[in-house]
Amino acid sequence: MIGQVAVRRFPELTVSTPRTEVRRVTAADAAAAGEIFADKLTRRWLPLADDSGPIDGQAWCTDLARQRRDSGDGDHYSVIRREDDLVVGALWTRRTDWGARATEVSYAMAPHARGFGLAAEAVDAVAIALILEHGFQRVELRVAPGNLASRRVAEKAGFSYEGLLRNAGFVRGGRVDLELWSFVAADLR
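Residues numbered from 1 in each chain as written. Predicted model: local features only at pLDDT ≥ 70, side-chain atom pairs only at ≥ 80, totals over all residues. Heavy atoms only, no water.

This part covers the overall build of the chain. For the chain, the count of helices and strands is six helices and eight strands. Written out in order from the N terminus, the α and β elements of the chain read β-β-α-α-α-α-β-β-β-α-β-α-β-β. For the C-alpha atoms alone, the extent of the chain along its principal axes is close to 45 × 35 × 35 Å. Looking at the 189 residues of the chain, the share that counts as buried comes to 49%. Sequence separation of 24 or more characterises 62% of the internal contacts of the chain that already satisfy a separation of 6 or more. Accessible surface, the chain as shown: approximately 9700 Å² in total, 52% of it carbon and sulfur. (Helix = DSSP H or I, 4+ residues; strand = E, 2+ residues; numbered from the N terminus. Buried < 20%, exposed > 50% of the residue type's maximum accessible area, 1.4 Å probe, protein only. Contact = heavy atoms within 4.5 Å. Areas by Shrake-Rupley, 256 points an atom, 1.4 Å probe, with all protein chains shown as cover.)

In structure tokens form, the structure reads like this:
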């Protein structure tokens, strides 16, 4: 296979915490995902143009998830609240660097599930599983300055602030700096 690069599939991942389960999205999660991504506050921080339409929950949970997984770039997950089995969040990995064994995690929570620590619990569990069970060395989280809720999630999930990536992202159609947070294998010692 000279000249061909083998594409790695992102690992199968399901993690449970006392209050949440994080598992791969299914087509049955489409309506909940669509509602989460339609929320005004969620859209405020997503890398979308102001005039972009709604995110198609069905595509997010099927075709887009499969494309990301098959490319080796990451995967899409649902955050399930264990007490009532409701999908209360979306979590996704992307920008996977297989040589460095690093990936980035992002998330969005339903409005009724915010403020209870569920996002931090889910992000922490995913980061630990990626490192302990799948050999990753680094999980990154990027936060737009001003997104204080996401900064709190990063802190509570045990991520360390590394610095500012100038002009590295965009929200609402405009360029923004991004705070870089990381969780590395050494953090488990």
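Now that the structure has been shown, the text picks up again.
Turning our attention to unusual backbone geometry. Phi angles above zero are rare outside glycine, and Asp85 is one such case at about 60 degrees. Looking at where Asp85 falls in the secondary structure, it is placed in the loop between strand S3 (75-81) and strand S4 (86-97). One non-glycine residue with positive phi stands out, namely Arg95, at about 55 degrees. As for its placement among the helices and strands, Arg95 is situated in strand S4.

On to helix H5 (residues 118-134), then. Across its 17 residues, H5 extends 23 Å between first and last C-alpha, which sits within 8% of the 24 Å expected from 1.5 Å per residue. Counting buried residues along H5, twelve of its 17 residues qualify, which places the element largely inside the surrounding structure. Residues Leu118, Ala119, Ala120, Glu121, Ala122, Val123, Ala125, Val126, Ala127, Ala129, Leu130 and Ile131 constitute the buried set of H5. Phi turns positive, to about 75 degrees, at Gly135, one or two residues after H5. (Expected span 1.5 Å × (residues − 1).)

Attention now goes to the sheet that holds strand S1 (residues 15-16). Overall, mixed pairing links the eight strands, which are arranged S1-S2-S3-S4-S5-S6-S8-S7 in an open sheet. In this open sheet, the two strands that pair with only one neighbour each are S1 and strand S7 (160-171). Both S1 and strand S2 (residues 20-24) contribute to a ladder of two bridges, which runs antiparallel. Bridging across to S2, Ser16 finds its partner in Glu21. Its contacts with the sheet put helix H4 (residues 63-71) on S2, S3 and S4, and the angle it makes with S3 is roughly 125 degrees. Along the sheet, helix H6 (residues 148-156) makes contact with strand S5 (102-109), strand S6 (138-143) and strand S8 (174-184), crossing S8 at roughly 15 degrees. (Pairing = 2+ DSSP bridges. Axes fitted to C-alpha atoms, helices over the stretch in contact; angles between N-to-C directions.)

Coordinates in, geometry out; function isn't part of it.
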